[in-house]
Amino acid sequence: QWEVNYHQQHICAVKDSSVVIPCSFYYPDNQRVQSTAWGHEKYDIFNGPFNFDSKLNETKKRFQYIGDTNHNCSLKINQVEHNDTGKHTFRFTTNDKEGKWTGKDGSTLKVVDLSISVTKPNGNRTIKEGDSVNLTCRNGCDGDNLLSAFTWFKNGEPITEGPTLYLSNMSSTNSGNYTCSLKRHTAASSGVIHIDVEYSPKNTSVSVRPSMEADAGSNITLTCSSRANPPVENYTWVKIDDGDIMDVGKGPVFIPGDGGQLNRKRTRAPERSEECEEDIQNSVYANYPVFDNNQSQERIGCEEQTLELIYTTVDFHTERKMEQQVASHNDDEGVVYSTVCRKLLNPTYVETP
């Protein structure tokens, strides 16, 4: 009555999962079992070495004998590896000097990987915002049937269960690393599928240093930032002046060459007086000087009302030219003169270029 019975002659397992090879054995009732052992076909099935050997107390750490010395000879293999593939056999000895038996038929183990297939309704082109993608987890032990229970992970965190993960109307939040595993053996995981969703620039903004308000003549730094995939490579700075758009710089950082002209403080304009005229010329940049309180009225001619030195745009609109101004400067057509003053008891006019 010597016998070893392998309940499953062919067993399939996913790499890194655990698998049990069920087994039972029989021997004459008048004998007692002294040793048990499990070997692999790549070694001698009678003499070993063995993956498990109770007599020599030699057990590879991944191999666990879950049987007994009665009739159960089942073996559990943890964290199955590809080199575990092949036929595994059981051998036992009894107290009889002839009591040695090996079940030569064995159980053949097949080790496979989990894999992910990717389906893109829009073809194999790059995944863009708004696209849809289906990820299907496949267990090689199932063949063409999706029989196994799976858990899906994104960046290592579980997100859902089932054989297929549906990603529709994708956005940047869908980018990441996706894997699937057996629901009952999460250590048995697939390879990583990286999803990279491309999208146009978003959250574009400009920062100004040192601040939005800068003194005339000081330097400011403009920095443009924008989130996009692939990252933004080309930046163009434009200046809009009276409806005209001009390219003034390239790159994410721009330092305006005209300093405070781009960002300037505004001050209250001088009040008009009866004796003052407004001269015409196209829009020009003009400097307003700041005078000391100790300066005489004869020197400045008119009371200056600007608070500080600024750089700004002044528009001149002429109603008429003063005879004194025309007489003094009628031979210099390239110079624009303006008279800014307030009414005094004894008015004095001083022309300033």
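The coordinates are above.
What counts as what
Residue numbering note: each chain is counted from 1, following its sequence as written. pLDDT decides what is reported in this predicted model: residues at 70 or higher carry local features, side-chain atom pairs at 80 or more are listed and counted, and totals for whole chains, interfaces and linings draw on all residues regardless. With hydrogens and water excluded, all non-hydrogen atoms of the structure serve as input to the side-chain values. Note on conventions: DSSP H or I runs of at least 4 residues are helices, E runs of at least 2 residues are strands, and numbering of each starts at the N terminus. Here the term buried applies to any residue with accessible area under 20% of the maximum for its type, exposed to any over 50%, and partly exposed to those in between, with areas from a 1.4 Å probe on protein chains only. We get accessible surface area from the Shrake-Rupley algorithm with a probe of 1.4 Å; when it comes to residues, only the shown protein chains can shield them. Working rule for contacts: check all heavy atoms of both residues, and any pair within 4.5 Å makes them a contact. Counting of polar contacts relies on pairs of N or O atoms within 3.5 Å, with two restrictions inside protein: one atom must be capable of donating a hydrogen and the other of accepting it, and residues adjacent in sequence are counted only when both atoms are side-chain atoms. Criterion used throughout: strands pair if DSSP finds at least two bridges between them. Orientation is described by lines fitted to C-alpha atoms, with helices fitted over the stretch in contact, and by angles between N-to-C directions that extend from 0 to 180 degrees. Stacked, tilted and edge-to-face are the three classes assigned to paired rings of Phe, Tyr and Trp, where Trp is represented by its six-membered ring and a pair needs centres within 6.5 Å; plane angles under 30 degrees give stacked, over 60 edge-to-face, the rest tilted.

Q: What exactly am I supposed to notice about the overall build of the protein chain here?
A: A tally of helices and strands in the protein chain yields 2 helices and 26 strands. Within the protein chain, buried positions represent 35% of all 353 residues. Roughly 22,000 Å² of accessible area belongs to the protein chain as shown, and the carbon and sulfur atoms make up 45% of that amount.

Q: Where do I start with the environment of T94 in this structure?
A: Turning to its location among the elements, T94 is positioned in strand β10 (residues 86-94). Note: C-alpha distance between T94 and V33 (61 residues apart in sequence) is 4.3 Å. Once residues within four sequence positions are removed from consideration, T94 is found in contact with W2, Y27, Q31, R32, V33, Q34 and G99. Of the polar contacts made by the side chain of T94, one reaches the side chain of Q31; its length is 2.3 Å.

Q: Explain the sheet that holds strand β16 (residues 164-167) to me, please; I cannot follow it from the model alone.
A: Backbone-to-backbone hydrogen bonds join strands into a sheet, with any given pair of strands oriented parallel or antiparallel. Pairing is antiparallel in the open sheet, where 3 strands are placed in the order β12-β13-β16. Two strands lie at the open edges of the sheet, namely β12 (114-119) and β16, each paired on one side alone. Looking at each pair of strands side by side, their axes are set apart by 15° on average, direction ignored. Pairing analysis gives 4 bridges linking strand β13 (residues 133-139) to β16, with the strands arranged antiparallel. Residue pairing in the sheet places V133 in a bridge with L167 of β16.

Q: I keep staring at the sheet that holds strand β24 (residues 253-254) and nothing clicks. Help me out?
A: Read across the sheet, 3 strands follow the order β20-β21-β24 without closing on themselves; strand pairing throughout is antiparallel. At either end of the open sheet lies a strand with only one pairing partner, and these are β20 (199-209) and β24. Relative to strand β21 (residues 221-229), β20 runs antiparallel, the two being bridged by 7 bridges. Paired with Y199 across the strands is N229, a residue of β21.

Q: Help me out: how do you make sense of the pairing of strand β11 (residues 100-112) in this one?
A: When a strand is regular, its side chains alternate between the sheet's two faces. The sheet contact formed by strand β2 (residues 10-14) and β11 spans 5 bridges and is parallel. If you follow A13 over to β11, its bridge partner there is V111. Linkage of β10 to β11, two consecutive antiparallel strands, is achieved through a turn of 5 residues.

Q: Is there a simple way to explain the side chain of Q31 in this structure?
A: Note that Q31 resides in the loop between β4 (23-26) and β5 (33-40). According to the relative accessible area criterion, Q31 is buried, its value standing at 12%. Beyond its immediate sequence surroundings of up to four residues, Q31 is in contact with W2, T94, N95, D96 and G99.

Q: Is there a simple way to explain the packing of aromatic side chains in this structure?
A: Two aromatic rings, taken as a pair, are described by how far apart their centres are and by the angle between their planes. For the structure shown, the criterion picks out 12 aromatic pairs. Consider the rings of Y65 and F90, whose centres lie 6.3 Å apart with planes at 5°: the pair is stacked. Residue Y65 is located in strand β8 (residues 63-65), and its partner F90 is located in strand β10; the two are separated by 25 residues in the primary sequence. Summarising the burial analysis for this pair, Y65 and F90 share the class buried. An aromatic cluster of three or more residues is present, and its members are W2, Y6, F25, Y27, W38, F52, Y65, F90, F92 and W101.

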